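# Inside the fold
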2 protein chains.
Amino acid sequence: MSIVPTVYVDAMGGDNAPEVNVEGAVAALSETAARIVLVGDQDQILPILKIEGKKAKKEKELDRICVEHTSEYIRMDDHPLTAARNKKQASLNVAMKMAAADPNSAFLSAGNSGAILASGVMHMKRIPGVERPAIAATLPTIRSFFLLVDAGANTQCRASQLAQFALLGSQYYQFTYEGTKGKIGVLSNGEEDSKGTELTRETVEILNRINSAGLLKKGAFVGNVEGKEVFQGGVDVVVCDGFTGNILLKGLEGLASAVVDIMKLEIKKDLFASFGMLFAMGAVKRVKDRVDYAEVGGAPLLGVNGHAFIAHGGSTGKAIKSAIRVAAKAAKSDLPKALFSIIEETKPYITPQANRASGDGKGKQ
Amino acid sequence: MSIVPTVYVDAMGGDNAPEVNVEGAVAALSETAARIVLVGDQDQILPILKIEGKKAKKEKELDRICVEHTSEYIRMDDHPLTAARNKKQASLNVAMKMAAADPNSAFLSAGNSGAILASGVMHMKRIPGVERPAIAATLPTIRSFFLLVDAGANTQCRASQLAQFALLGSQYYQFTYEGTKGKIGVLSNGEEDSKGTELTRETVEILNRINSAGLLKKGAFVGNVEGKEVFQGGVDVVVCDGFTGNILLKGLEGLASAVVDIMKLEIKKDLFASFGMLFAMGAVKRVKDRVDYAEVGGAPLLGVNGHAFIAHGGSTGKAIKSAIRVAAKAAKSDLPKALFSIIEETKPYITPQANRASGDGKGKQ
């Protein structure tokens, strides 16, 4: 008899909470056999659950969704660390504590990512040996996807931390995309060994040592990788500090959004184009789906002893549905064991370098 | 009687040299009244010049183009500093020396940007007070453009250098887009003052001091700006260290290229879409033009005492034409005076912080 996994959803997290979280949970009933626990204000959640259940004609399956009531919640503009520590009954914290206590579960929230990070470390604790957890974002390549880690959890990092991000990311990638190698590249301003910052050069050194010791699959470390190559498909896991990762991610988001706006402006000016776009809509939608975060689920928090996923703050119900599906798959996996192993095996090769870090050398967050 | 400016073109620079440089020069004859000097191997250049002149039916105007012969050139994989110093007769260096000696001129090359930077500092010298020159890249906003500086000249920087990049960029922007304020933003992972790295926070401090002293136009400093906002049009000059700038620029290039490939794959699968795209081609082309670097000329090297422009290595003849046009406009301008003034006026507010820098604190390139 196999255990049914549970996804604990912070129903009050995100810009469109609790509606999209409830909507996503109901939709997810068709995509996963998992139990879903919606944590938050039942006075808001229950009515929406009833309506969504009716709309989707899933009233009978609603018994797979429970509501865990709490009236407190963390706001997007709350100070992350303070809120995670002090708002003990906040939906985010309650969901995290429940997930931490349940070995066949995962946590999901579209809320304050800094608070999710802090709460994850507090309740799930770090995998032994991990210095700092990181957030891994999924981005498209021409025919597949790659992970960018750290996508923004740690503004300033040490080389030892970046090396761990790489290892955790590689394991997670191989778990998500079976049969792959989880090929690691260190994001740099050039391929040559001499390029990059002190931080990236040192990270490459550490990963080279680990590779030479035979601890990675053959060909699983490609060295430096440039910004323009990452979308080509030759690298599965792209490693950088959280500041760079955030800038890149937000920059890409911003460009995509601006190009859509520029396209709308141009198409409006042009009847021919408007006509033509009607026919092209199918293909355009497929392209959009390839690059749209909504299709690829939440971003995992790598390095905590449990499964925690962060959904985009502006997530739609569809995005939450995908995120729940991805979280449920992780919930019944052996991923934590694989993550623990790789960290344990590589410990002798990773020496925290207190002097060499991006920024002030103190590795402050 | 106004002086005719001259553009000195390193004809041997770039992936498609000398063909595209000659092609671009001939095409530029219609877009500028400037003299154009093509520096490089005359045995390669002259035949192409004859052919291009005939093709474009501009044989009579060819007297505005001269060829300065030299057989040596710098290769893309040459060590930038060594090549700039030692290959004294390389086309890049000859063109730079000629431009440095001619007050109504500009330099242009699609070659090795590290060598262009080194050569610029050697021959044009830095504007008095400038610590390090930077490269400014032009990127699109929804309705206009913004400058990203440093786009990659200086891997690791101090706050004093970033502040100068901002000031030089702002002057250059106002010169290029008349009537604007050259609004400055410091690229960061969040708008709040507490966000960012030590480097970005210190840069914001310096620029705040300069702003408070009334040395910038009203509203010309907006503080931190996030990656996703930069395309919205609220900021004219986005400041970052060269490593971050390079990653962002190459990342954006890479995504744009991958999206085009994904679109082609999807459209091929779909007859409807192929049909529809025929009609939409005009609008799509206009969008492409908005974001295509070929339309916006070369990237200026800001901080040297002269006009030096760097064209993309893969530039087409059309891109070189645009770059020559932009360079010619700068050549007859008073820009160096404005740049000198702002650096001079702000000197008291910018203190080199030897301890606080990205990377190792030594500010190494």
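None of the values given here were measured: they were computed from a predicted structure.

On to the packing of helix α1 (residues 19-28) of chain B against helix α10 (residues 317-331) of chain B. All names here are of chain B. One way to put it is that α1 packs onto α10 with a least axis distance of 7 Å and a crossing angle of 55 degrees. With respect to each other, α1 and α10 are oriented oblique. Relative to α10, the crossing made by α1 is right-handed. Packed against α1, whose contacting residues are Val20, Asn21, Glu23, Gly24, Ala25, Ala27 and Ala28, the element α10 presents Gly317, Ile320, Lys321 and Ile324 at the interface.

The next point concerns unusual backbone geometry. Residues other than glycine predominantly adopt negative phi, and peptide bonds predominantly adopt the trans conformation. Here Val149(A) and Asp150(A) are connected by a cis peptide whose omega angle stands at 15 degrees. Locating Asp150(A) in the fold gives a position in the loop between β6 (145-149) and α6 (159-176). In this structure, Pro18(B) follows Ala17(B) across a cis peptide bond, with omega equal to 0 degrees. Within the secondary structure, Pro18(B) sits in the loop between β1 (6-10) and α1. One non-glycine residue, Lys125(A), lies in positive phi territory at about 65 degrees. Mapped onto the secondary structure, Lys125(A) falls in the loop between α5 (113-123) and β5 (134-140).

Here we take up the sheet that holds strand β6 (residues 145-149) of chain B. Residues and elements named next belong to chain B. The strand order across the open sheet formed by 11 strands is β3-β2-β1-β4-β11-β10-β5-β6-β9-β7-β8, and the pairing between neighbours is mixed. Each end of this open sheet is capped by a strand with a single partner; those strands are β3 (65-69) and β8 (221-226). Averaged over all adjacent pairs, the angle separating strand axes in this sheet is 30 degrees, with direction ignored. With 3 bridges joining them, β6 and strand β9 (residues 237-239) adopt parallel strand pairing. What sits directly across from Leu148, in β9, is Val238. Sitting on the sheet, helix α2 (residues 42-55) touches β2 (35-40) and β3, and the angle it makes with β3 is about 165 degrees.

Mapping Ser170(B) onto the fold places it in helix α6 (residues 159-176). Residues in contact with Ser170(B), not counting those within four places in the same chain, are Lys181(B), Gly182(B), Ile184(B) and Val237(B).

All names here are of chain A. Taken domain by domain, chain A comprises domain 1 (1-125 + 304-333) and domain 2 (150-292 + 336-365). Averaged C-alpha coordinates put domain 1 and domain 2 at centres separated by 26 Å. Opposite the 10 residues of domain 1 that make contact, domain 2 presents 8 residues. The junction of domain 1 with domain 2 conceals about 670 Å² of combined surface from both sides, 58% of it contributed by carbon and sulfur atoms. Taken together, domain 1 and domain 2 are joined by 0 salt bridges. Top element by residues in the side of domain 1 that touches domain 2 is helix α10 (residues 317-331). It accounts for 4 residues.

Residue and element names in this part refer to chain A. The element β6 is extensively covered by neighbouring structure, given that 5 of its 5 residues are classed as buried. Residues Phe145, Leu147 and Val149 of β6 are buried on one face, and the alternating residues Phe146 and Leu148, pointing to the opposite face, are buried as well. Of the strand pairs in this sheet, β5 and β6 are connected by 5 bridges, and their pairing is antiparallel. If you follow Ala136 over to β6, its bridge partner there is Val149. Where β5 hands over to β6, the hairpin turn is made up of 4 residues, counted between the paired strands.

Rules behind the numbers
Residues numbered from 1 in each chain as written. Chains lettered and ligands numbered in written order. Predicted model: local features only at pLDDT ≥ 70, side-chain atom pairs only at ≥ 80, totals over all residues. Heavy atoms only, no water. Axes fitted to C-alpha atoms, helices over the stretch in contact; angles between N-to-C directions. Helix = DSSP H or I, 4+ residues; strand = E, 2+ residues; numbered from the N terminus. Parallel < 35°, antiparallel > 145°, perpendicular 65-115°, else oblique. Left-handed = near helix turned anticlockwise from the far one by under 90°. Contact = heavy atoms within 4.5 Å. Pairing = 2+ DSSP bridges. Domains from an automatic or database assignment. Buried area = accessible area lost by both parts, 1.4 Å probe. Salt bridge = Lys/Arg side-chain N within 4 Å of Asp/Glu carboxyl O. Buried < 20%, exposed > 50% of the residue type's maximum accessible area, 1.4 Å probe, protein only.

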